[in-house]
Amino acid sequence: MEDPSEIIQKLRLAGKSRTVEEDSHQRIQVPAVEHVLRKILGDLSNEKLIRHKGSVLDDARELFLQADPAWLLDCFQNDMSDIVQIYVNFTAALIEYSGLPRCETDSGELPDDAYNLTPERACNVAQTLKALLWKLQARPEQMTPHVTTVLPDSVLRAILPHLVIFCATHCEEKPWTNAASRLAADELLAAAVHAVGCKTVIELLCGAEEEGRGALGAVLHLMKPHMNKNTWKSNPATKHVFRWLLQKVRRPWLAEHLDVVLPPSLLFSDDYRTENKILGVRCLQHIIDNVPAAELLQYNRAQVVYHALYNHLYTPEASLIQNVLSCLLDLLPLLEKSHVIRGQQRANRYDKVFCLILTHMEVEDKIPLRRVYAQHLPIFTERLGIMVVRHLKRLQRVILGYLEVYDGPEEAARLCVLQAFQSMIQQAWPRMSMRLEVLLKSLLKFIYDMATDQGPTPPRVKEELLQDATHCLILLNRCCERKVTVLLEGVRQSCENATVLDCLQRVQQDV
């Protein structure tokens, strides 16, 4: 077989000298393109040849840039499925060449210096694939409409999943990318979107409703062998590609692929590394938010997700707990009916999660975790409604305890706890009278401490804390038949602090 560079030179000369009127038997036979691709496929497996100035990639790119588009007419004389498979193999080989080194450890991560060659290779591969897309879109006039459309479109549909995975691997800032490789991946993705006649990446993946399905199913099918428990850590990019794809697909398209995307999300969330757990939980939350409740409830899928999330609540990692609680707040409404149903007495999953949160909050001494728990406490209190009385004693103890602890200049935890305080009063107001004395003393102490505080807390934060504490007093006054006003009268007469008096005056003026 001739050397690829010699054949490409002949094709270049033929493209300059040929005319449309030439008889087909006088033309330089362009099936040589197919033979060049077969030769390149063999060369791509030769590491020594690949490293020699990228000659194989140069040959491939030159082939697509110089060969006459009419080669499709000659290739079509062969079996079309065979031609399509050649291009699939060629594209897969290119992407494997630019792919990440295989990770042999259980961590699924490699040192950054392991990716030194990857960005440059990715740029070269992206340029070659862009040339291939350009060639597939060429429509020479001498070809029949059937040949012009069928074969190039078949090749394009077959290689599109490989292109999407390649672009998703290199389009974000990762240890194996640089600015040039990310730009090359973005440009290739834009070229692929244009080549298939779509306007956006989402349309490419999901398809327009009137035109049928997009490429997502084929992409996920291609990735499936690499997303099981034995393989997903061998390629550090797999989890990021999956997350990138998942985030692009929303209602109503995601439900169609639920059985494919749910197992990897659970697998990632069950890993021992915190960053993988967080990635898996975020994938689960996206699924919960974009799949109909009926689909999630079928076959106990939602129950499985709930148990996976609940087990994470025992992990002392603030970033993970933040994502888990947010995800649970989206999932629990699907599993539990409204708590205001008359006669409902049984404890449900809201109670179970809330009880565990209070348990952790009572003994937690890490400020980041205290802030995360405090942030979600008002939401859970509101969701429980009147049923929060089941946990009222512990909730009161947690709220009053958190009000006494300074947690930084921004006072994030205490601001959230005051919101929970207000929610507790509003939801469990019939029980506030018997707890009035304890609650009132705690609020007054907090207001006085804030009014006399000389610490680094900014004035705007102090003002917000005082406003929220004052609103708690107002709510207590309303639900306790104005008893707070009577009890505060003696305090007003003996207090000399202007800030405290101003807060008490607002309670007095509330009607």
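Above this text you will find the structure in question.
Residues numbered from 1 in each chain as written. Predicted model: local features only at pLDDT ≥ 70, side-chain atom pairs only at ≥ 80, totals over all residues. Heavy atoms only, no water.

## Regarding the nonpolar core
Core analysis: the largest hydrophobic core is formed by 152 residues, its most contacted members being F421 and M432. When neighbours within four sequence positions are excluded, M432 is seen to be in contact with L392, M424, I425, L439, L476, C479 and C480. (Core = buried A, V, L, I, M, F, W, Y, C linked by side-chain atoms within 4.5 Å. Buried < 20%, exposed > 50% of the residue type's maximum accessible area, 1.4 Å probe, protein only. Contact = heavy atoms within 4.5 Å.)

## So, the environment of P263
In this structure, P263 sits in helix 13 (residues 258-269). Put simply, P263 and G280 are 17 residues apart on the chain and 10.0 Å apart in space, counted from C-alpha to C-alpha. (Helix = DSSP H or I, 4+ residues; strand = E, 2+ residues; numbered from the N terminus.)

## Points about helix 14 (residues 274-290)
With 17 residues, helix 14 extends 24 Å from end C-alpha to end C-alpha; this agrees with the ideal 24 Å at 1.5 Å per step. The element helix 14 is largely enclosed, with a buried count of 13 among its 17 residues. (Expected span 1.5 Å × (residues − 1).)

## Side note on the layout of surface pockets
A volume near 910 Å³ is recorded for the largest pocket. What lines the largest pocket is a set of 33 residues, among which I95, E96, G99, L100 and N235 lie closest to the centre. Contributions of two or more residues to the lining of the largest pocket are made by helix 3 (47-51), helix 6 (80-98), helix 7 (118-137), helix 8 (145-170), helix 11 (216-223) and helix 12 (238-248). (1 Å grid on protein atoms, 1.4 Å probe; cavity = no way out; pocket = protein on both sides within 12 Å on 5 of 7 lines; lining within 4 Å. Points joined across faces, edges and corners; volume = space filled by probe spheres on them.)

## Topic: the packing of aromatic side chains
Counted under the stated rule, the structure contains five aromatic pairs. Seen from their ring centres, Y115 and W176 are 5.6 Å apart, and the 65° between their planes marks the pair as edge-to-face. Placement of the pair is Y115 in the loop between helix 6 and helix 7 and W176 in the loop between helix 8 and helix 9 (179-195), with a sequence separation of 61 residues. The exposure classification of Y115 matches that of W176, with both residues buried. Ring plane angle 80° and centroid distance 5.6 Å describe the contact between F242 and F268, whose orientation is recorded as edge-to-face. Residue F242 is found in helix 12, and its partner F268 is found in helix 13; the two are separated by 26 residues along the sequence. Across the pair, exposure class does not vary: F242 and F268 are buried alike. (Phe/Tyr/Trp six-rings, centres within 6.5 Å; stacked < 30°, edge-to-face > 60°.)

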